[in-house]
Amino acid sequence: MRFKFTIFLLTLNLIAFGLITYFNKLAIRSGALEDGLSAQIGRGLADADRIELRGRGLDSPRIIERSGSNWTLTAPMKWSANYFAISRILNQLQFIEEEASFSIDEIERTGQSLADYGLDVPVLELSIGEGTKKQTISIGTLTEIGNNIYLLGPNRDEVFVVNRQVIDGLLVDLNDLRNREIFNIPVFEVDALSLQIRSDSAADNSFLKVRLARNSGDWTFEAPVSAGADPALVDSTINTLTTAKVRGFVEETEDNSELFGLNSPFMQVTIHGNSRRQTLIIGNEVPDIEGPTLYFAKLEDNPAVFTVLSRPFDALREAQEALRQRNFMRFDAELLSTINITEGQRTIRLQKLETTGWQVLQRLGDSEIQPRRADPKIMEATIESLAGLRATDFVVDNPSTADEERLGFGMPNRIIELNFVDGKSILLQLAHPEDEVNDLYAKTNGADFIYAVDRRTTLNFLPINALYYRNRTLDALPQAADIRSLRLLNLLTGKTFIDVELSRDDQNWTEQLSQMPPEKADRIQSLLAKLRQFEVKRYLFDRYENAYPLNPDKSLPWVFRLSATISLPGGETERLETLEYDFTQRLSGTVQVGASKKQGSIFEIPQGLIDTLHALTDDMELPPEASGGDLELPKTITPIEEPVALESESAQ
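Residues numbered from 1 in each chain as written. Predicted model: local features only at pLDDT ≥ 70, side-chain atom pairs only at ≥ 80, totals over all residues. Heavy atoms only, no water.

*Asks:* If you had to explain unusual backbone geometry to someone new, which residues and values would you point to?
*Replies:* Omega for the bond connecting Ala75 with Pro76 falls within 30 degrees of zero, at 5°, which places this linkage in the cis form. Checked against the element boundaries, Pro76 lands in the loop between β3 (70-75) and β4 (79-80). Here Ala223 and Pro224 are connected by a cis peptide whose omega angle stands at 5°. By secondary structure assignment, the location of Pro224 is in the loop between β12 (218-223) and β13 (227-228). Positioned with a positive phi, Ser216 is a non-glycine residue whose angle comes to about 55°. (Helix = DSSP H or I, 4+ residues; strand = E, 2+ residues; numbered from the N terminus.)

*Asks:* Got a sec to walk through the sheet that holds strand β10 (residues 192-198)? Specific residues and values, please.
*Replies:* Taken together, nine strands build an open sheet; the order of strands is β13-β12-β11-β10-β15-β16-β17-β18-β14 and the sheet is antiparallel. Strands with a single pairing partner mark the edges of an open sheet, and in this sheet they are β13 and β14 (248-249). Across six bridges, the pairing between β10 and strand β15 (residues 267-273) is antiparallel. By the bridge assignment, Ile197 is partnered in β15 with Met267. Most of the contacts of helix α6 (residues 231-242) go to β12, to which it runs at about 80°, and overall it touches β10, β11 (207-215), β12 and β15. (Pairing = 2+ DSSP bridges. Contact = heavy atoms within 4.5 Å. Axes fitted to C-alpha atoms, helices over the stretch in contact; angles between N-to-C directions.)

*Asks:* Please set out the packing of aromatic side chains residue by residue, giving values where relevant.
*Replies:* Evaluation of the coordinates by the stated rule reveals 16 aromatic pairs. Plain terms: the ring middles of Trp79 and Phe249 are 5.3 Å apart, the flat faces sit at 85° to each other, and that makes the pair edge-to-face. Taken together, the positions of Trp79 in strand β4 and Phe249 in strand β14 put the pair 170 residues apart, joining distant regions of the chain. Centroid distance Phe328 to Tyr451: 4.2 Å. Interplanar angle 10°. Geometry classified as stacked. Of this pair, Phe328 sits in the loop between α9 (319-322) and β19 (336-343) while Tyr451 sits in strand β28 (residues 447-453), placing them 123 residues apart in sequence. Assigned by exposure class, Phe328 and Tyr451 land together as buried. A connected cluster of aromatic rings, assembled from ring pairs, spans Phe328, Phe394, Phe449 and Tyr451. If you follow Arg324 out to its NZ or CZ, it ends over the ring of Phe449, 4.7 Å from the centre. In this structure, Arg472 is placed above the aromatic ring of Tyr468, and the distance from its NZ or CZ to the ring centre is 5.8 Å. (Phe/Tyr/Trp six-rings, centres within 6.5 Å; stacked < 30°, edge-to-face > 60°. Buried < 20%, exposed > 50% of the residue type's maximum accessible area, 1.4 Å probe, protein only. Lys NZ or Arg CZ within 6 Å of the ring centre and 35° of its normal.)

*Asks:* Got a sec to walk through the pairing of strand β35 (residues 554-557)? Specific residues and values, please.
*Replies:* Regular strands place side chains that alternate from one sheet face to the opposite one. Taken together, the four bridges between strand β34 (residues 547-551) and β35 define a ladder with antiparallel strand orientation. Its bridge partner lying in β35, Pro549 is registered against Ser555. Taking the residues that link successive antiparallel strands as the turn, the β34-β35 hairpin has two residues.

*Asks:* Account for the side chain of Gln278, with residues named and values stated.
*Replies:* Checked against the element boundaries, Gln278 lands in strand β16 (residues 276-285). For Gln278, a relative accessible area of 14% puts it in the buried group. Reaching out from Gln278, the side chain makes a polar contact with the backbone nitrogen of Asn184 at a distance of 2.9 Å. At 3.5 Å, the side chain of Gln278 and the backbone nitrogen of Ile185 are in polar contact. Apart from the residues within four sequence positions on either side, Gln278 is in contact with Ile182, Phe183, Asn184, Ile185, Val269, Thr270 and Ile271. (Polar contact = N/O pair within 3.5 Å; in protein donor to acceptor, adjacent residues only side chain to side chain.)

*Asks:* Account for the sheet that holds strand β6 (residues 124-130), naming residues and giving values.
*Replies:* Sheet architecture is open: nine strands sit in the order β4-β3-β2-β1-β6-β7-β8-β9-β5, paired in antiparallel fashion. Every other strand in the sheet has two partners, leaving β4 and β5 (98-103) as the edge strands with one partner each. Pairing between strand β7 (residues 133-142) and strand β8 (residues 148-152): three bridges, direction antiparallel. Bridge pairing in β8 places Ile139 opposite Leu151.

*Asks:* So what's going on with helix α2 (residues 83-94)? Which residues, and what values?
*Replies:* The end-to-end C-alpha separation of α2 is 16 Å, in line with the 16 Å expected for twelve residues at 1.5 Å each. Those residues of α2 lying buried are Ala85, Ile86, Ile89, Leu90 and Leu93. Buried residues of α2 fall within an arc of 135° about the axis and therefore sit on the same side. The residue sitting at the N-terminus of α2 and contributing the capping side-chain oxygen is Asn82; that oxygen lies 3.0 Å from the backbone nitrogen of Phe84. (Expected span 1.5 Å × (residues − 1). Arc of directions from axis to C-beta.)

*Asks:* So what's going on with helix α10 (residues 376-387)? Residues and values would help.
*Replies:* The α-helix advances 3.6 residues per turn, and as a result positions three or four apart in sequence lie on the same side. The end-to-end C-alpha separation of α10 is 16 Å, in line with the 16 Å expected for twelve residues at 1.5 Å each. All of the buried residues along α10 are Ile378, Met379, Thr382, Ile383 and Leu386. With its buried residues spanning 125° around the axis, α10 presents them on a single face. Seen from the buried face of α10, the exposed residues on the opposite side, beyond 90 degrees, are Pro376, Lys377 and Glu384. Where the residues of α10 are buried, they touch β19, β20 (346-352), β21 (358-364), β25 (414-420), β26 (425-431) and α13 (466-469). Its side-chain oxygen at 3.1 Å from the backbone nitrogen of Lys377, Asp375 defines the N-terminal cap of α10.

*Asks:* Describe the pattern of salt bridges, listing the residues and the values that go with them.
*Replies:* Using the criterion set out here, one finds 22 salt bridges in the structure. Across the pair Glu300 and Arg277 runs a salt bridge, and its minimum N-O distance is 3.4 Å. Placement of the pair is Glu300 in the loop between β17 (294-299) and β18 (305-309) and Arg277 in strand β16, with a sequence separation of 23 residues. Owing to a relative accessible area of 48%, Arg277 belongs among the partly exposed residues under this scheme. With a closest N to O distance of 2.5 Å, Arg414 and Glu343 form a salt bridge. Within this pair, whereas Arg414 is found in strand β25, its partner Glu343 is found in strand β19, the two being separated by 71 residues in sequence. A residue is classified by how much of its surface remains accessible, and Arg414, at 10% relative accessible area, is buried. Overall, Glu343 belongs to the partly exposed group, its relative accessible area being 33%. (Salt bridge = Lys/Arg side-chain N within 4 Å of Asp/Glu carboxyl O.)

*Asks:* Lay out the confidence of the model for the protein chain with the relevant residues and their values.
*Replies:* This prediction gives the protein chain a mean pLDDT of 85; 88% of its residues lie at or above 70. Taking the mean pLDDT of every element in the protein chain, the minimum, 52, falls on helix α18 (residues 647-651) and the maximum, 97, on strand β38 (residues 593-596). Note that residues 25-34 has pLDDT below 50 and, in this model, four contacts with residues that lie over four places away or in other chains. (pLDDT = per-residue confidence, 0-100.)

*Asks:* With reference to specific residues and values, describe a negative patch on the surface.
*Replies:* Together, Asp105, Glu106, Glu108 and Asp157 give the surface a local cluster of negative charge. For Asp105, the position within the fold is in helix α3 (residues 104-109). Judged by its relative accessible area of 41%, Asp105 falls in the partly exposed class. (Patch = residues over 30% accessible without salt bridge, like charges linked within 9 Å, V, L, I, M, F, W, Y side chains within 5 Å. Areas by Shrake-Rupley, 256 points an atom, 1.4 Å probe, with all protein chains shown as cover. Lys, Arg positive; Asp, Glu negative; His and termini not counted. Charge placed at Lys NZ, Arg CZ, Asp CG, Glu CD.)

*Asks:* An account of the side chain of Asn471 is requested, with residue identities and associated values reported.
*Replies:* Within the fold, Asn471 resides in the loop between α13 and β29 (473-476). Asn471 gets classed as buried once you look at its relative accessible area, which sits at 12%. Excluding anything up to four places from it in sequence, Asn471 contacts Arg373, Ala374, Asp375, Pro376 and Tyr539.

Printed below as a string of structure tokens:
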């Protein structure tokens, strides 16, 4: 009895397990049907590391593999894959939606097969893998109605009808699958740039080797010479190279090495990063094309041949000069203490004062002139010009004594010595051969190079003339000083143009001038302002003379004198001084010469003072046309009487 009961229980268990298995399969199938195609495919997309595209719709299989976050096309050629193209494929698969679906069993019950849907030999077969796992979808023919296509799902037991546009996105052109970028080392990581450039002028087609390296943030040449490089130009060049794109890939399979010129390239460009490097090989120019010039190219460790625009690489032909630092006189202006400018026996010495500002003195042989205050704007411009002196060309690297003699350094035109508070110094020499009037060469004690510099600009900001550096403010009144009187007269005729004074100590010039015509009052106010800080345009002589000497044989008289009585504060009694300036007649629209006996100087005056003096001293009467007055009517001309005929003429 117990045996029969045991058999009965076993039978019930078997039936239960069978029902569980059956219903579990139904549930799985039902869940798959409910999830749809996107859910079936999506399970393998998140961690996919391999994509394969095969089928009769492609000329060759395409295999894309992932390493980390980077995708690489490994067939039909090895090349970095286009991240956006891969992302587009994965996104389309993730959100693919079917219009309809039916099982393989249903197809077979109707007497059909996968061949009727083009799925026996698919147009396209897409496999997505993760490690050893792989799921595949097959794409067949178009449906008879609608713009749809048949697709065999990854479970291989169900056919889906999907929109054709979704599938067209999978048929990505091979060029679109390949990344167009050549270098993948980011700009911030680049620490060196190497070039090998074939010299077309050399008989043996030897290579010029150029190497630049970043050291402590600065770029320097390590070959062919040891020299500074322009950081902005180098950074721009590297940025151009790292953003260079493949123009097009060469799909030809036959050996065209002679056409490509990559076995004997004219240039190799190597970018160095953190413990890695990439080398681009540039070959021949692409023949018989319209548009911009292209070169054949390839990466050193990749057989794929492609084309690139020629422009960025043509610019590298002269990299050894184009990228060199042309500012060869860089220094810290705050540490500068003296500047000596020498030409022959004459030396201009510019010395920084301990208090503030600079002073200038000139030495001729063993004699020195009195030091003068240097003009702060002139000094600032001079120092900036020295610090920014640029080479227009690199003439000789590592010059010999013969080179220096040939270029005029046996007797330099200028020697500029810069001394610094830390004990360092820079010696700049400027020279040119006697028979060259357009060139000027420079060399320093800091580098063994000879540069060409702009002759006119360089010599103009380094004149051997102490007057050029002298402070343009000839006189400056203290803020508490008062101008008590002002007079302007003609020294030749004795005519007085202005003769005004303050009648009381508490009176001001606004009150005093209020009784005058506004135009004249404004001009007097302008003179008063200019007297408080008397500026000169440029100095002509460091002495005063009774006339302006044009040359040894001719001089011009002083025509006008501007004088003012100044009340200076201090002490128990008022202290009065007189300012006095003499002027020639106006020599041109922009030139008029003045002099100060007290300061011992002859100079040109600025345009504002020229205009003010002219307005006060010019007594030429303007014609009505210029002054806006009424024009006089022309006088009536008495007509000439008709001549009387002669008797002989009347007889005729």
